[in-house]
Amino acid sequence: MPETIEFMLLDSSYEIVGKEPVIILWGITLNGERVVLLDKRFRPYFYALISPSYEAKAEYIASAIKRLSMAKSPIIESRVVDKKYFGRPRKAVRVTTMVPETVREYREAVKKIEGVEDSLEADIRFAMRYIIDKKLYPFMAYRVAVEETEHSQGFRVSKVFNIVGEPIPIADITSIELPEMRILAFDIEVYSKKGSPNPSRDPVIIISLKDSNGNEKLLEADGYNDRSAIREFVDYIRNFDPDIIVGYNSNHFDWPYLIKRARRLGIKLDVTRRVGAEPTTSVYGHVSVQGRLNVDLYDYVKEMHEIKMKTLEEVAEYLGVMKKSERVLIEWWRIPEYWDDKKKRTVLRRYALDDVRATYGLAEKLLPFAIQLSAVTGVPLDQVGAMGVGFRLEWYLIRAAYDMNELVPNRVKRYEESYKGAVVLKPLKGIHENVVVLDFSSMYPSIMIKYNVGPDTIVDDPSECEKYGGCYVAPEVGHRFRRAPPGFFKIVLENLIKLRKQVRAKMKELSPDSPEYRVYDERQKALKVLANASYGYMGWTHARWYCRRCAEAVTAWGRNLILTAIDYARKLGLKVIYGDTDSLFVAYDKEKVKKLIEFVEKELGFEIKIDKIYRRVFFTEAKKRYVGLLEDGRIDIVGFEAVRGDWCELAKEVQERVAEIVLKTGDVDKAIEYIRDVIRKLKEGEIPITKLVIWKTLTKRIEEYEHGAPHVVAAKRMRDAGYEVSPGDKIGYVIVKGRDSISNRAYPYFMVEPSRVDIEYYIDHQIVPAVMRILSYFGVTERQLKVVSAGYRSLFDFFASKA
DNA sequence: AACCAGGCTTC
DNA sequence: GACGTGCCTGGTT
């Protein structure tokens, strides 16, 4: 019997039943039931674009296409339709068939027919095609006529329905009470004495879990046998039945490891909502757990440029989830030691628990944004994080194109063609006091809108400009864009901005601590991210709407803009310290800065605003590297070794400390003294070898390397010693004493006696370069660091004496 | 000195 | 599973 249900969409997939495709929508009804909705009526299709000169023969071409029909997947329909392509009216044939996989075959055959310029939209995956065409978005609620089926059909949900009507949206995301979702965070610890863990050898010793019901659990291996732990993991998921599973780097570590480990042990990783389906690595490198949304939080952290160190503990600290000082920390290569010693196991347990708590905490911080990103782009939550920014925008554009009756261009192979980018000023080196950082808001999108930039608005023949009421001409490069009518990107961008304004207007009516406010805030951020991706997208060779000249024009206008602003700033008498792309560092003179902002807004027609103020900021001669002291006393390190993972712990620690001493106290002597003390300790063997290990990832097989970089040589040594080494493994090495090249003196850290370590190497190639990056500016020489002698007084005195 | 290749998260 | 890039290092020529 037909009935009507209201549900929130989680995900879509499809299966072939008999010979027919069935769309599967995974959802939660508004009263909290997990359901599957099947649509057996939808069919895959694509378009054959007719060459302009063959438009009169369109019907004939449609029948020719129909004759290609194969029995295994017949062509159900071949119909001439009016579409647009890059803004121009075009005729196309819409070709509908039965089996999604055969679309690819038909695409090739159709392309060969005379009068067919190209096959289009044949590579849009069937499950996505359905939600695009039906205008369905994840985390939105719909009402639809359905019929309940009698059997579960192997779906682990409370009810399975056949869709018989058309889903219609029932409400805006925040105006109704959406069902609550069950969330599970998990993390695994692996026992690996020999470099990177290897699933065919190393057991999973702890699986830590935390769920949205407040349960926390540690599943432990029985000694070195992880069979029961993995089985209990499967049981936990099946019992708790999460809608969302989160982890940290889980798409690239935890899940692949568990999948391989389970296979090795002959255990079925039966954790999905589809009987018989196990988790698999799928598009965009995400791990698909059918019926559940598997989210790797690291995907979102990666994109947060303000966070330099992306380790779980650093990120948790930065986001206020968990303080490093209040949790257990164990260097991961020491995990075996904590497992082998039963007394230390308690500490390891606590570490595993802290990790999963931190992961769950991150989910609370990051999921609201991820959910909005999914809701705005229409891409299911498990994929949207794993895909790059370019793909997210592209799915948004595909939906926009569908609404505008525009055909989606194909992704085509192109050769890389680079173009000139942004302006980066050479910094004024040294310490500057009271510096304001000004940022253009959404500089590139603003340029694209203002000058109507896009692949469909670019004008090749200058004489055509008059047809469009003139053209905007980009400086330096001379590319022309019609003034009117607005193109695809301008329409999409203006719409994104309009939507964002609406969201922000709604926020003004709400209390900042209401849940709705949070939802809107994340939504406006998602809209902003998409707008900001539009320029980079046009310059991306794999983009469907690729337009190199467009990207080139945008950066040319950008350079022009910032250079004009700098010019004006200097005319005002403002000291310009540094500038990069859309940001300007100037000595903070309130009145003059106000005038500069007014000039940019009134005369240039762009928005610029104060981003931050540094009490002190230090530059070397290098671009994109600086250390700043913020007004609240925090130190901002950008670009330096201290924030890179491929330097030894000691070098990073020392550089950070030196930066802090110099900025906070200005006392170079103190910094020198500190370094000398570190060098002394190093020479006297007081520094543990673990602080000297340099970690680098092997990105390909050892044989594929042309030159033996140190980590490659170390990896080779590991392999020779019988350890399995494969791409993706992190190699930890130290340099030992000797006359040979550095590479040839690189050994896996665990194969080296501390006495063999080449202390001189660490002084000359790690500590000294790291600190000299900062101290050479103050006239400090390498020798001063290594030799005991009288130092300077304060560096402020030092400059005073120079002046 | 000029150039190239490789890295930049997770246990 | 990658919008772009820059910048550094170690190694080779």
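Up top you'll find the structure we're talking about.
Scope of this entry: the structure provided in the associated data block. (Residues numbered from 1 in each chain as written. Chains lettered and ligands numbered in written order. Predicted model: local features only at pLDDT ≥ 70, side-chain atom pairs only at ≥ 80, totals over all residues. Heavy atoms only, no water.)

### Some remarks on the sheet that holds strand β22 (residues 576–580)
Okay, so step 1: Pairing is antiparallel across the open sheet formed by six strands, whose spatial order is β22-β23-β18-β24-β25-β26. The open sheet has two edge strands, β22 and β26 (635–638), and neither has a second partner. The average undirected angle you get between the axes of adjacent strands in this sheet is 30°.
Okay, so step 2: Relative to strand β25 (residues 626–630), strand β24 (residues 608–619) runs antiparallel, the two being bridged by five bridges. Residue Val 617 lies in a different strand from β25, and its bridge partner there is Gly 628.
Okay, so step 3: Contacts between helix α15 (residues 548–571) and the sheet are confined to β18 (430–440), β22 and β23 (583–587), with β23 contributing the most and set at about 10° to the helix. (Pairing = 2+ DSSP bridges. Helix = DSSP H or I, 4+ residues; strand = E, 2+ residues; numbered from the N terminus. Axes fitted to C-alpha atoms, helices over the stretch in contact; angles between N-to-C directions. Contact = heavy atoms within 4.5 Å.)

### So, the protein's contact with DNA strand C
Okay, so step 1: Around DNA strand C there are 24 residues in total, and Tyr 284, Phe 391, Lys 623, Ser 743 and Arg 773 lie nearest to it.
Okay, so step 2: In the interface set of DNA strand C, defined as its atoms within 4 Å of the protein, sugar plus phosphate atoms amount to 80%.
Okay, so step 3: Between DNA strand C and Val 389, the relevant distance is 3.4 Å, taken from a phosphate oxygen to a main-chain nitrogen or oxygen of the residue.
Okay, so step 4: At the level of secondary structure, the elements contributing two or more residues to the surface near DNA strand C comprise α11 (389–403) and α20 (759–775).
Okay, so step 5: Partitioning the surface near DNA strand C into residue classes produces eleven nonpolar, eight polar and five charged. (Near = heavy atom within 4 Å. Polar contact = N/O pair within 3.5 Å; in protein donor to acceptor, adjacent residues only side chain to side chain. Nonpolar A, V, L, I, M, F, W, Y, C, P; charged D, E, K, R; others polar.)

### A word on a positive patch on the surface
Okay, so step 1: Residues Arg 504, Lys 508, Lys 528 and Lys 609 make up a contiguous surface patch of positive charge.
Okay, so step 2: Locating Lys 508 in the fold gives a position in helix α13 (residues 488–508). (Patch = residues over 30% accessible without salt bridge, like charges linked within 9 Å, V, L, I, M, F, W, Y side chains within 5 Å. Areas by Shrake-Rupley, 256 points an atom, 1.4 Å probe, with all protein chains shown as cover. Salt bridge = Lys/Arg side-chain N within 4 Å of Asp/Glu carboxyl O. Lys, Arg positive; Asp, Glu negative; His and termini not counted. Charge placed at Lys NZ, Arg CZ, Asp CG, Glu CD.)

### Digging into the protein's contact with DNA strand B
Okay, so step 1: With respect to spatial proximity, 23 residues lie near DNA strand B, and among them Pro 197, Tyr 298, Thr 311, Trp 332 and Lys 700 are the closest.
Okay, so step 2: Across the atoms of DNA strand B situated within 4 Å of the protein, the share located in sugar and phosphate is 62%.
Okay, so step 3: The separation between a phosphate oxygen of DNA strand B and a polar main-chain atom of Thr 311 is 3.0 Å.
Okay, so step 4: One of the backbone N or O atoms of Leu 312 is found 3.2 Å from a phosphate oxygen in DNA strand B.

### Notes on the side chain of Asn 294
Okay, so step 1: Inspection of the secondary structure puts Asn 294 in strand β17 (residues 293–296).
Okay, so step 2: According to the relative accessible area criterion, Asn 294 is buried, its value standing at 0%.
Okay, so step 3: One polar contact links Asn 294 to Asn 251, side chain to side chain, over a distance of 3.1 Å.
Okay, so step 4: Within the local environment of Asn 294, its side chain forms a polar contact with the side chain of Trp 255, the two groups lying 2.8 Å apart.
Okay, so step 5: Dropping the residues within four chain positions of it, Asn 294 is found in contact with Ile 245, Ser 250, Asn 251, Trp 255, Val 287, Val 289 and Asp 382. (Buried < 20%, exposed > 50% of the residue type's maximum accessible area, 1.4 Å probe, protein only.)

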